[in-house]
Amino acid sequence: MRLYVIFRYVGFVLLLIALFMLISAGVSLIYEDSGFFPLFYSALIAALFAVFPMIFVPPVDEINNNEGTVIVVASWLLSCIVGMLPYILWDGEFSITNSLFESVSGFTTTGASILNNIEGIPKGLLFWRACTHWIGGVGIIIFILAVLPSMGVAGMILYRSEMSPAAMRQFKMRTKDATEVLLYVYLGLTAAETILLMLFGMDWFDAVTHSFATIATGGFSTKNLSVASFNSPAIEIIIMFFMIVSGMNFALIFLVITGKYKEVSTWSVVKYYLIANFAAILLVALNIWNTNYESFIDALRYSSFQILSVGTSTGFANADSSMWPGFSQLIIIFFTLQCASAGSTSGGIKIDRILILYKAIIRRLRILRHPSAIIPVTLDRLKIEDSNVAAALLYIIFYIMIVFVSTLILSLTNVDMLSAFSGSAAMMGNVGPGLSKVGSMANYSNIPEFGKWVFSLVMLLGRLEIYGLIIFLYPKTWIK
Amino acid sequence: MGLKFKILSGFGILAFMLLIAGVWSIIELRSIGKTVTDILDENYKSIYAAKSMKEALEREDSAILLLLLGKKVDAVNILNSADSLFNSAFNTAKANITLEGETQAVDSISILYSKFSSGWNSLLNDYDINVSDIDLYMNDLHKLFLSVRKAADRLIDMNDKEMYRLGKETENRSRRAIMPGIIAIISAIIFTLLFNYFVNKYMINPIIEITERINKFTTKRINFDYHADTKDEISKLADSVTILAAHVNTDEKR
């Protein structure tokens, strides 16, 4: 393991963080709030740590897979640590634990907050919160790869280490092209949503921060009552549209933009994603109609927003779903675990793996009927290797196991079972709100300190798709 | 980049980190000092003035009772000194209005006190006043006395709350003043370790290796072959030694 290479590449990430901190400090200057010094000082520290390895370490074109994984995980960890500095320095509700939780929640695009009074936070810091979503949404390394000139083989290794394995199938292009596609789609969607939100009454600050949070499927709002505080169906519809789009594979969005609709229509992931979400919206709307809301239109409005918010792992809220009947809450739990497509900014198990699980079950049933038959698992008429099927199934089991262990640990800290389970599932899926005491209109401030550390770890495990962090912590990785 | 620049950049960054933390701490400490001065100047003065007003009022109230008991000379003396104490305290409070709503509180003291003082002034001018006029005192003057005292209490309460708020703010600021220093110290420690690692990796280790290879060349005539990753004085030294070794080899072959 060449430590100096790790330092050099992580330096690029820190430089990016410093740049966004400086922009946020600029926002603080505009609004003349108390966030300027914390942001400026943090930016300086990040920049100094970023530049120093570049002075010493000469450019390195080739890195191995091991180094690639370590660079990616170290970048995420350091981003979260450096990202908490502005919060600690500003103080207020931000203790060290709370700052780390907020920072991890931002970068992993979870959107769970410990803040009781979001509107009391300086605008510069709120902008920084939104930036952490935006940087983390597309993936810190993907951001770097798209912004910096060609990194050759090193770039390819980093790209492979950062990208979800479930998404690699759809991105059949050169690394440089793929990262450019991701960034163009990301920038385009953010700009489009910002403009639309401004057209429908949001000021520029709220429009930009909410766009950052939507496209990254994050969920940090600048308001205590999240999107509900705007009480505007038009704004909710815009956000819902962009939540749906952000939950789709970015390669697919690029195909749509470039007019290749025919290719898109064959993607079963998209079909399942849309059908599942719309079916759930309808079922929940029927369930909460007359029990929570008198008019069906209201029931539809709140069910569609809440389901899409959870189903895309965004986490915005326009209603308190903790007050809904058990049936609706169970559907929300299912979507908290599943989330959206691989290759998007969303978290969770991801639809691609759920489909593989479904196909594997069907194959198993067929084999039971025809024991000597050789039946491959196929998705969109493409055969999926047995090793990939096994990897997907193993991932789902591992995922559920982590949610269970996290629930168990949280229960030990006297958190009620529904809050512990839904919170753990929401952290692992990078969704944000759970149910009960961590519901859509509540926050995580009441979770004990130790629980917040556990949740921070679970958020990182979810964002790095489990294995990355485990490989990073495995001693042999560092010895090789 | 040369070694000089690299070493200087390391120390420069370290110094810069500490400088920024120091400057910030100084700014925060100055701001704490200002807050403390503000508390003393703005709030404590008002509270002290309101307490003096209350003391003057109590004395005036007692003097009125003395007046009713027929001790007019003593009552007049007390009333005059208490009135001057009240007016002086009132002027201090009026000159020290800093809070929202404080103007209204001071105005209300002024209005109520002028009613109260004109009440006991008219008593002073009444030559037939005696203890049988206690009802007049109970129904009129004493109620006015209580109202003025309540208004003064309101002024104390307002300033008390502001003092508490500023005190809390000062506590937060002192925490904020410490935090940059703590972060600077932690960063400096991490930075020193990083600097140490790079100095070892790119300066000390190459020098050790070059020395070892020179020794091997001089004792065992093993070819000197060293390529530095960096383009600094170390790589130039290695190149020079390589050329020197090549010359020595050529000379010896001759």
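Quick caveat, the model's predicted, so the values are computed rather than measured.

> Could you give me a rundown of the overall build of chain B, with the residues and numbers involved?
Secondary structure assignment for chain B yields five helices and zero strands. A globule of 254 residues ought to have a C-alpha radius of gyration of about 18 Å, yet chain B, at 41 Å, is considerably larger. In terms of its C-alpha atoms, chain B occupies a principal-axis envelope of roughly 140 × 25 × 20 Å. Burial statistics for chain B: of 254 residues in total, 24% are counted as buried.

> Give me the overall build of chain A: which residues, what numbers.
If you tally the helices and strands in chain A, you get 22 helices and two strands. Scaling as 2.2 N^0.38, a compact globule of 480 residues should have a C-alpha radius of gyration of about 23 Å, and chain A matches this with 22 Å. Dimensions of chain A along its principal axes, counting C-alpha atoms only, are 65 × 55 × 50 Å. Here chain A, with 480 residues, has 55% of them falling under the buried criterion.

> Outline helix α18 (residues 386–412) of chain A, supporting the account with residue identities and numerical values.
All names here are of chain A. For α18, with 27 residues, the first-to-last C-alpha span of 39 Å sits near the 39 Å given by 1.5 Å per residue. The set of residues buried in α18 consists of A392, Y395, Y399, V403, S406, T407 and L410. Of the surrounding elements, those touching the buried residues of α18 are α17 (351–369), α19 (417–428) and α20 (449–463). Downstream of α18 by one or two residues, N414 has phi in the positive range, about 70 degrees.

> Talk me through the environment of A:T345; I want residue IDs and the actual numbers.
All names here are of chain A. In this fold, T345 is placed in the loop between α16 (326–338) and α17. A sequence separation of 128 residues divides T345 from T217, and the C-alpha atoms of the two residues are 6.1 Å apart. Not counting residues within four places of it along the chain, the set of residues in contact with T345 comprises T109, G137, V138, I215, A216, T217 and S246.

> Any chance you could break down the nonpolar core for me, citing the residues and the numbers?
One broad rule of soluble globular proteins: the nonpolar side chains tend to lie buried together. With 156 residues, the main nonpolar core has A:L14, A:I17, A:M21 and A:A46 as its most contacted residues. Discounting chain neighbours no more than four positions away, the residues touching A:L14 are A:A46, A:F49, A:A50, A:L78 and A:V82. Judged by nonpolar contacts, the second largest core, of 32 residues, contains B:I64, B:L68, B:I109 and B:L123.

> Which residues make up helix α2 (residues 72–95) of chain B, and what are the values?
Residue and element names in this part refer to chain B. For α2, spanning 24 residues, the distance from its first C-alpha to its last is 34 Å, which sits close to the expected 34 Å at 1.5 Å a residue. For α2, the set of buried residues is A75, L79, A82, F86, A89, F90 and A93. Elements in contact with the buried residues of α2: α1 (3–68), α3 (102–125) and α4 (134–220).

> Pulling in residues and values, what's your account of the interface of chain B and chain A?
Every contact between the two is made by 21 residues of chain B and, on the other side, 14 residues of chain A. Residue contributions to the side of chain B that touches chain A peak at eleven residues, all from α4(B). In terms of residue class, the side of chain B that touches chain A is made up of twelve nonpolar, four polar and five charged.

> Mind laying out the packing of α4(B) against helix α5 (residues 233–253) of chain B, listing which residues take part and the relevant values?
Two quantities define a packed helix pair, namely the angle between the helix axes and the distance between the axes. Residue and element names in this part refer to chain B. Close contact between α4 and α5 brings their axes to 11 Å; oriented N to C, the two are set at 5 degrees. One way to sum up the angle between α4 and α5 is to call them roughly parallel. Between α4, through M203, P206, I210, I214 and F217, and α5, the contact on the second element is made entirely by I234, L237, A238, V241 and A245. A breakdown of the residues in the contact of α4 with α5 according to their chemical character gives ten nonpolar, no polar and no charged.

> So what about the packing of helix α14 (residues 268–288) of chain A against helix α15 (residues 296–311) of chain A? Which residues, and what values?
Residue and element names in this part refer to chain A. Where α14 meets α15, the axes come as close as 8 Å, and the angle between the chain directions of the two elements is 135 degrees. As the angle between them shows, α14 and α15 are arranged oblique. Crossing of α14 over α15 shows right-handed handedness. Where α14 abuts α15, its residues N277, A280, I281, V284, A285 and I288 lie against F296, A299, L300, Y302, S303, S304, I307, L308 and G311. Broken down by class, the residue content of the contact of α14 with α15 amounts to eleven nonpolar, four polar and no charged.

Cut-off values and rules
Residues numbered from 1 in each chain as written. Chains lettered and ligands numbered in written order. Predicted model: local features only at pLDDT ≥ 70, side-chain atom pairs only at ≥ 80, totals over all residues. Helix = DSSP H or I, 4+ residues; strand = E, 2+ residues; numbered from the N terminus. Rg over C-alpha atoms; globule rule 2.2 N^0.38 Å. Buried ≥ 20, exposed ≤ 12 C-beta atoms within 10 Å, placed from the backbone. Expected span 1.5 Å × (residues − 1). Contact = placed C-beta atoms within 7 Å. Core = buried A, V, L, I, M, F, W, Y, C linked by C-beta atoms within 7 Å. Nonpolar A, V, L, I, M, F, W, Y, C, P; charged D, E, K, R; others polar. Axes fitted to C-alpha atoms, helices over the stretch in contact; angles between N-to-C directions. Parallel < 35°, antiparallel > 145°, perpendicular 65-115°, else oblique. Left-handed = near helix turned anticlockwise from the far one by under 90°.

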